[in-house]
Amino acid sequence: MLCTAPLYPASAQAKPAAQPGQPDIFTAWLESKPGLRQDTSLWQITAIIGGTFVSEDLTVITSGLMLRQGRIGFWTALFGCFLGIFLGDLALYFLGFALMHLPGFLLKNNWFTRYHDRLEHRLPRIRQRMEREGWKLLLLSRFVPGSRFFVYTAAGALGGSFWKMALIVLVAGIIWTPFLLGLSWFLGNQLLQWFAIFEESGWLMIILIVPVFYGLHYLLPAVFTRQGRQRLIQSVRRLGHIEFWPAWLFYLPLPFMVAWHALRVRSLTVFTAVNPGMEDGGFIGESKSSILQHLPKRVTPAWRLIPGADASRDGLEKARRQCRWEFPLIFKPDVSQKGIGLKLVRDEVQFQAWLQDPDRMDCDWIMQQYAPGPLEVGIFYYRFAHENSGRIWSITNKVFPSITGDGINTIARLIQTHPRYRLQSSVFETRLKGRWHSVPEAGEKISLGIAGNHFQGALFQQANQWITPELNRAIEKISRQVHASMHGFYFGRYDIRCPSAEALMQGRHLSLIELNGATAESTDMYDPQLPLRSVYRIMNRHLDLLFSIGAANYKAGAAKSSLGQLLRALWRYHQNRPENLVSD
């Protein structure tokens, strides 16, 4: 809103005073303030408020320049800018609120319905976090150009407290408006030139601002709170442990490795032919039940699929009664990764408590008899189609986390002082939120997790010393049966439980929990004893086998997925993954 002419017409300067008996209270109040004139102030304030709805910052800067030239009063500029900004922020809140109450005809759209239903599951958790920490985001966004629209609209969409929102934007406006107005008055046209540069380089400025905003929102609160400092220290410590690196950092070399192997076999998606019997070769989002039905029943604990339509409290209870299985039982989402949502129900009391858990989702669930183990391993198997038998590539021993009470320290303290567990204390805190500050008795053993995934706290150890001819024969026999049942299996990882390492090496008493396909990792690479070069050597070898076997199968007539199919699979998984479910 740049202008060099007065905001009011010349004819307005001769406006007659209000008639007796009709006092203009608002104008009278303005007249009592220095720098205001009865005949112009109300028009100027109205124009400024309207300008803020077009561009807040530009309107404030322009008002500051006009204040500097003496063409507008101080209180007029300040009050108009502040009121316009305040009303605009509240308007964004109501816009977000309205978007969450769209006309009913949109619910007839299948895509919108699926997205809306999925969002409804997440809203309570998001609202809770917004109520707890959202004030920091709302306050900081006032000082970061380009972020207010999204933040304030989201606050309304999430149904945050209107009065809390109003108080926050009021305080932010009281700080921001005089600051920017005073800066405009002091710097004059120089600030306008800087603003023009920002307008021309908007995307670049936003790219630079995002890291700053992220740092202000996450780093500063972490520094000034005890819990925040602990988590910050935890994050720094995790960088010294490869297995705990954030995914974006750990998989940084992966795209370059994939590109090399794709060039080598002249196809980016040929790896999906590695297992013709699995959808996309077992790329992502495959149904666990669709694979379990092909595993030999003699070595697979009994299981049952409970569709999402029947996964209500009554439906789950009915399914358990029909099966007449004894406790303990395992429940897990039919489509999930990294052990998300796995639940061990040991008795009727725990079962009823889980049924009443508000965080439980009505997705497709697998109910399975529990294989006690206690040993659990990941066995990676592969075979080329022209070979008479395949081979075990690697074995990973999974060590589940636990602590022993001393009768003095809380569970939180025992975990935070443990050299390994403290690196994943946030995972354990979420899982043990009801007992986090309790003190276990001396000698009492507390299980911290039973999901065989290192993201859930399990320690992975390379155990290739357990590979024996007997175990090779047992896995080969199982793999041949799977291959015949699903019409094509050559590459994947079995998750197996058995009584002991001795039984495993003899190929006896094996219980197959899961089978994962193309993108299943050779989990021994997460062994904390391995150096970084060995980790990426294993990753590269995995891709070498994946693309080579896939290319050989494709050459022999197996189908491969298109890039569009893989992108759609990624999108479906992203839309339906139960990411917020807590595992046992």
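The model shown is predicted, which means the values in this text are computed figures rather than measured ones.

Participant: An account of the overall build of the chain is needed here, citing residue identities and associated values.
Facilitator: Looking only at helices and strands, one finds 21 helices and eleven strands in the chain. Taken over 584 residues, the chain has a buried fraction of 46%. Pairs at least 24 apart in sequence give 76% of the contacts found in the chain among residues at least 6 apart. With the model as given, the accessible surface of the chain reaches about 30500 Å², and the carbon-plus-sulfur share is 61%.

Participant: Help me get a handle on the sheet that holds strand β3 (residues 343-345), residues and values and all.
Facilitator: Taken together, the four strands give an open sheet; going across it, the order is β1-β4-β2-β3, and neighbouring strands pair in antiparallel fashion. Each edge of the sheet is formed by a strand with only one pairing partner; in this case those strands are β1 (303-306) and β3. Each neighbouring strand pair of the sheet contributes to a mean axis angle of 20 degrees, computed without reference to strand direction. Two elements, β1 and strand β4 (residues 365-369), share four bridges in a ladder whose sense is antiparallel. The residue of β4 that forms the bridge with Trp303 is Gln368. Strands β1, β2 (329-333) and β4 of the sheet are contacted by helix α14 (residues 313-323), whose axis makes an angle of about 155 degrees with β1. Lying on the sheet, helix α15 (residues 348-355) is in contact with β2, β3 and β4; it crosses β3 at an angle near 140 degrees.

Participant: I'd love a proper account of the packing of helix α2 (residues 41-52) against helix α4 (residues 74-99), names of residues and values included.
Facilitator: Here α2 crosses α4 at 35 degrees, and the two axes come no closer than 8 Å. As α2 runs across α4, the sense of the crossing is right-handed. Residue-level contacts link Ser41, Gln44, Ile45, Ile48, Ile49 and Thr52 of α2 to Thr76, Ala77, Phe79, Gly80, Cys81, Leu83, Gly84 and Ile85 of α4. In terms of residue class, the contact of α2 with α4 is made up of eight nonpolar, six polar and no charged.

Participant: Go over the sheet that holds strand β5 (residues 375-382), please, and point to the residues and values.
Facilitator: On the basis of which strands lie adjacent, the open sheet formed by five strands has the order β9-β6-β5-β10-β11 and antiparallel pairing. This sheet does not close on itself; its edge strands, each paired only once, are β9 (459-462) and β11 (511-516). Put simply, the sheet's adjacent strands are angled 25 degrees from each other on average, direction ignored. Here strand β10 (residues 491-498) pairs with β11 via five bridges, running antiparallel. Among the inter-strand pairings, Asp495 is bridged to a residue of β11, identified as Glu514.

Participant: Residues and numbers for the packing of aromatic side chains, please.
Facilitator: Evaluated as defined, the whole model comprises 16 aromatic pairs. Geometrically, the ring pair formed by Phe250 and Tyr526 is stacked, given 5.4 Å between the ring centres and 25 degrees between the ring planes. Of the two residues, Phe250 sits in helix α11 (residues 247-250) while Tyr526 sits in the loop between β11 and α20 (532-555), which places them 276 residues apart along the sequence. Of the two residues examined, Phe250 and Tyr526, each falls in the buried class. Ring plane angle 75 degrees and centroid distance 4.9 Å describe the contact between Phe380 and Phe491, whose orientation is recorded as edge-to-face. Pair noted here: Phe380 is in strand β5 and Phe491 is in strand β10, with a separation of 111 residues, a long-range link. The buried category is assigned to Phe491, whose relative accessible area is 0%. Feature note: the residues Phe250, Tyr251, Phe460, Tyr526 and Tyr536 constitute an aromatic cluster, connected by ring pairs.

Participant: I'd like a description of a nonpolar patch on the surface, backed by residues and values.
Facilitator: Taken together, Leu167, Leu170, Val171, Ile174 and Ile175 make up a surface patch of nonpolar side chains, about 420 Å² in accessible area. As for its position among the elements, Ile175 is in helix α7 (residues 162-187). Given the relative accessible area of 45%, Ile175 is considered partly exposed.

Participant: Lay out the pairing of β4 in plain terms, naming residues and giving numbers.
Facilitator: Burial of β4 is extensive: four of the five residues sit out of reach of the surface. Inspection of the sheet shows β2 paired to β4 by five bridges, in the antiparallel sense. If you follow Lys332 over to β4, its bridge partner there is Ile366.

Participant: Which residues make up the environment of Ser485, and what values do they have?
Facilitator: Residue position: Ser485 is located in helix α18 (residues 469-486). As for Ser485 and Gly277, which are separated by 208 residues in sequence, their C-alpha atoms are 8.5 Å apart. A distance of 2.7 Å separates a polar atom in the side chain of Ser485 from a polar atom in the side chain of His294.

Participant: Before we move on, could you go through helix α12 (residues 254-265) and cite the residues and values that matter?
Facilitator: A turn of α-helix holds 3.6 residues, and therefore any two residues three or four places apart point the same way. In this model α12 runs 17 Å from its N-terminal to its C-terminal C-alpha over twelve residues, within 8% of the 16 Å that 1.5 Å per residue would give. Those residues of α12 lying buried are Met257, His261 and Ala262. On an axial view of α12, the arc spanned by its buried residues comes to 130 degrees, and they lie on one face. The exposed set on the far side of α12, more than 90 degrees from its buried face, consists of Pro255, Phe256, Trp260 and Leu263. The inward-facing, buried residues of α12 abut α20.

Participant: Kindly report on unusual backbone geometry, identifying the contributing residues and their values.
Facilitator: Here the bond from Phe327 into Pro328 is cis, since omega is 5 degrees, no more than 30 degrees from zero. On the secondary structure map, Pro328 appears in the loop between α14 and β2. The step from Gly373 to Pro374 runs through a cis peptide bond, and the omega angle for that step is 10 degrees. Mapped onto the elements, Pro374 comes out in the loop between β4 and β5. The backbone of Arg266 shows a phi angle near 60 degrees, a positive value even though the residue is not glycine. Following the sequence through the fold, Arg266 ends up in the loop between α12 and α13 (288-292). Positive phi values are uncommon outside glycine, yet Arg324 reaches one of about 55 degrees. Overall, Arg324 belongs to the exposed group, its relative accessible area being 74%.

Participant: Account for the packing of α4 against α7, naming residues and giving values.
Facilitator: To characterise two packed helices, one gives the angle between the axes of the helices and the distance between these axes. The geometry of α4 relative to α7 is characterised by a closest axis approach of 9 Å and an angle of 145 degrees between their N-to-C directions. Our pair here, α4 against α7, has a crossing hand that is right-handed. From α4, Ala77, Leu78, Cys81, Phe82, Ile85, Phe86, Asp89, Leu90, Tyr93 and Phe94 reach across to α7, where they touch Phe162, Met165, Ala166, Val169, Leu170, Gly173, Ile174, Trp176, Thr177, Pro178 and Leu181. In terms of residue class, the contact of α4 with α7 is built from 18 nonpolar, two polar and one charged.

Participant: Can you break down the nonpolar core residue by residue, with the values?
Facilitator: In this structure, Phe250, Phe271, Tyr382, Phe491, Met525, Leu546 and Ile549 are the most contacted members of the largest nonpolar core, which totals 34 residues. For this core, the secondary structure elements donating two or more residues are α12, β5, α20 and α21 (563-576). For this core, the element with the highest residue contribution is α20, accounting for nine residues. Other than its neighbours up to four places away in sequence, Tyr382 contacts Gly390, Arg391, Trp393, Tyr490, Phe491, Arg541, Leu545 and Ile549. Counting residues in hydrophobic clusters, the runner-up holds 29 residues, among them Ile291, Ile395, Trp466 and Met486.

The rules we used
All residue numbers refer to positions counted from 1 along the written sequence of the respective chain. Totals for whole chains, interfaces and linings use all residues, but because this is a predicted model, local features are given only for residues with pLDDT of at least 70 and pairs of side-chain atoms are given and counted only at 80 or more. Hydrogens and waters are ignored; side-chain quantities use all the structure's heavy atoms. Labels follow the DSSP assignment, with helices taken as runs of H or I lasting at least four residues and strands as runs of E lasting at least two, numbered in each case from the N terminus. Residue exposure (1.4 Å probe, protein chains only): buried if accessible area is under 20% of the type maximum, exposed if over 50%, otherwise partly exposed. We call two residues in contact when some of their heavy atoms are within 4.5 Å. Here the open area of atoms and residues is found with the Shrake-Rupley method and a 1.4 Å probe, where only the protein chains shown may cover a residue. The pairing criterion for strands is at least two bridges between them, as found by DSSP. Lines fitted to the C-alpha atoms define the axes, with helices restricted to the stretch that makes contact. Angles between their N-to-C directions range from 0 to 180 degrees. The sense of a crossing depends on the near helix, which, turned anticlockwise from the far helix by less than a right angle, makes the crossing left-handed and, turned clockwise, makes it right-handed. Each residue is assigned to one of three groups, with Ala, Val, Leu, Ile, Met, Phe, Trp, Tyr, Cys and Pro labelled nonpolar, Asp, Glu, Lys and Arg labelled charged, and all others, Gly among them, labelled polar. Any pair of Phe, Tyr and Trp rings, taking the six-membered ring for Trp, is counted once the centres come within 6.5 Å. Such a pair is stacked with planes under 30 degrees apart, edge-to-face with planes over 60 apart, and tilted for the rest. Each patch is assembled from residues with relative accessible area greater than 30% and no salt bridge, linking like charges that lie within 9 Å and nonpolar side chains (Val, Leu, Ile, Met, Phe, Trp, Tyr) that lie within 5 Å. By definition, a salt bridge exists where a carboxyl oxygen of Asp or Glu is found within 4 Å of a side-chain nitrogen of Lys or Arg. Under this definition, polar contacts are N or O atom pairs within 3.5 Å; protein pairs additionally need one hydrogen-donor-capable and one acceptor-capable atom, and for neighbouring residues in sequence, both atoms have to be side-chain atoms. In this analysis, the expected span of each helix is defined as 1.5 Å times one less than the number of residues it contains. Within this analysis, the arc is defined by the directions that extend from the helix axis to the C-beta atoms. Throughout, nonpolar core names a set of buried Ala, Val, Leu, Ile, Met, Phe, Trp, Tyr and Cys residues whose side chains join them through atoms within 4.5 Å.

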